[in-house]
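Structural features, examined
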Amino acid sequence: MIWDDFLNSEWHDWRGTGKYEDRLLNPDHLHSFMNQYHFQVKLPLNSEEIHELQQLRSFLREFVQYIVAGGRTFGERIEELNHWMSAGPVLRELHKNEDGGYTLNYSTVHPGLTGVVADIAASFAKTLSEGEFARMRICANPDCLWIYYDDTRNRSKRYCDDKMCGNLMKVRRFRAKKKNLSSDRH
């Protein structure tokens, strides 16, 4: 999804080194992100444009944190989300699929950063409108903080990646338990 890829442009080293990177400041990452979602925006972005993206990211991150903490009354947050989306009117086009069905496609009328911001906010709004906000998660590894969408059947996913963060946390718990057992013996 666009919104969670965008939010994870704020990267924390999941291994606990304390390293942090704002990937919105990395031209290669920004170029890759814009290309992946076919955003038509002139790069490189200037500092004001990057600041606007950072503001959107902060708003959406806080919104996800609120949801993950159990918040369900969105009130003013919805107003602000609507504000972010309002700047990007869209063109709707119906296209015939290969299987004979139809797909409704949306494209931004005004390409550029305004459209990008509106599309990112709209992807988040779509998840909310489908009632799937309960599947939003923040990795249980306190060093990671990766935001992801839990698509498991029973909605029990705790880590962004079971092989990386999941294993790391399992090892940490094992070592802590072993340390507690050895200190109890002395």
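These notes cover the structure that comes with them. Remember, predicted model here, so these are calculated numbers, not experimental data.

1. Side note on the environment of His-83
Mapped onto the fold, His-83 is located in helix H4 (residues 75–86). In this structure His-83 comes out as exposed when scored by relative accessible area, which is 55%. Along the chain, His-83 and Ala-121 lie 38 residues apart, while their C-alpha atoms are 9.2 Å from each other.

2. Description of the packing of H4 against helix H5 (residues 113–129)
Relative orientation of the contacting elements H4 and H5 amounts to 140°, with a least axis distance of 7 Å. Relative to H5, the element H4 is oriented oblique. Here the hand of the crossing between H4 and H5 comes out left-handed. Here Ile-78, Leu-81, Trp-84 and Met-85 of H4 come into contact with H5, specifically with Val-117, Ala-118, Ala-121, Ala-122, Phe-124, Ala-125 and Leu-128. Partitioned by chemical class, the residues of the contact of H4 with H5 number eleven nonpolar, no polar and no charged.

3. Description of the environment of Phe-33
Looking at where Phe-33 falls in the secondary structure, it is placed in helix H2 (residues 27–36). Using a relative accessible area of 7% as the deciding quantity, one classes Phe-33 as buried. C-alpha separation for the pair Phe-33 and Phe-6, spaced 27 residues apart in sequence, amounts to 8.0 Å. If near-sequence neighbours (up to four positions away) are discounted, Phe-33 is found in contact with Ile-2, Asp-5, Phe-6, Phe-39 and Ile-120.

4. Focus on the packing of helix H3 (residues 47–68) against H5
It is the contact of H3 with H5, at a shortest axis distance of 10 Å, that shows an interaxial angle of 5°. Taken together, H3 and H5 sit at an angle that is classed as roughly parallel. Where H3 abuts H5, its residues Glu-49, Glu-52, Leu-53, Leu-56, Leu-60, Phe-63, Val-64 and Ile-67 lie against Leu-113, Val-117, Ile-120, Ala-121, Phe-124 and Leu-128.

5. With respect to the side chain of Asp-22
Residue placement: Asp-22 occurs in strand E2 (residues 20–22). One polar contact links the side chain of Asp-22 to the main-chain amide nitrogen of Leu-24, over a distance of 3.0 Å. Side-chain polar atoms of Asp-22 contact the side chain of Gln-54, separated by 2.6 Å.

The rules behind the values
- Residues numbered from 1 in each chain as written.
- Predicted model: local features only at pLDDT ≥ 70, side-chain atom pairs only at ≥ 80, totals over all residues.
- Heavy atoms only, no water.
- Helix = DSSP H or I, 4+ residues; strand = E, 2+ residues; numbered from the N terminus.
- Buried < 20%, exposed > 50% of the residue type's maximum accessible area, 1.4 Å probe, protein only.
- Axes fitted to C-alpha atoms, helices over the stretch in contact; angles between N-to-C directions.
- Parallel < 35°, antiparallel > 145°, perpendicular 65-115°, else oblique.
- Left-handed = near helix turned anticlockwise from the far one by under 90°.
- Contact = heavy atoms within 4.5 Å.
- Nonpolar A, V, L, I, M, F, W, Y, C, P; charged D, E, K, R; others polar.
- Polar contact = N/O pair within 3.5 Å; in protein donor to acceptor, adjacent residues only side chain to side chain.

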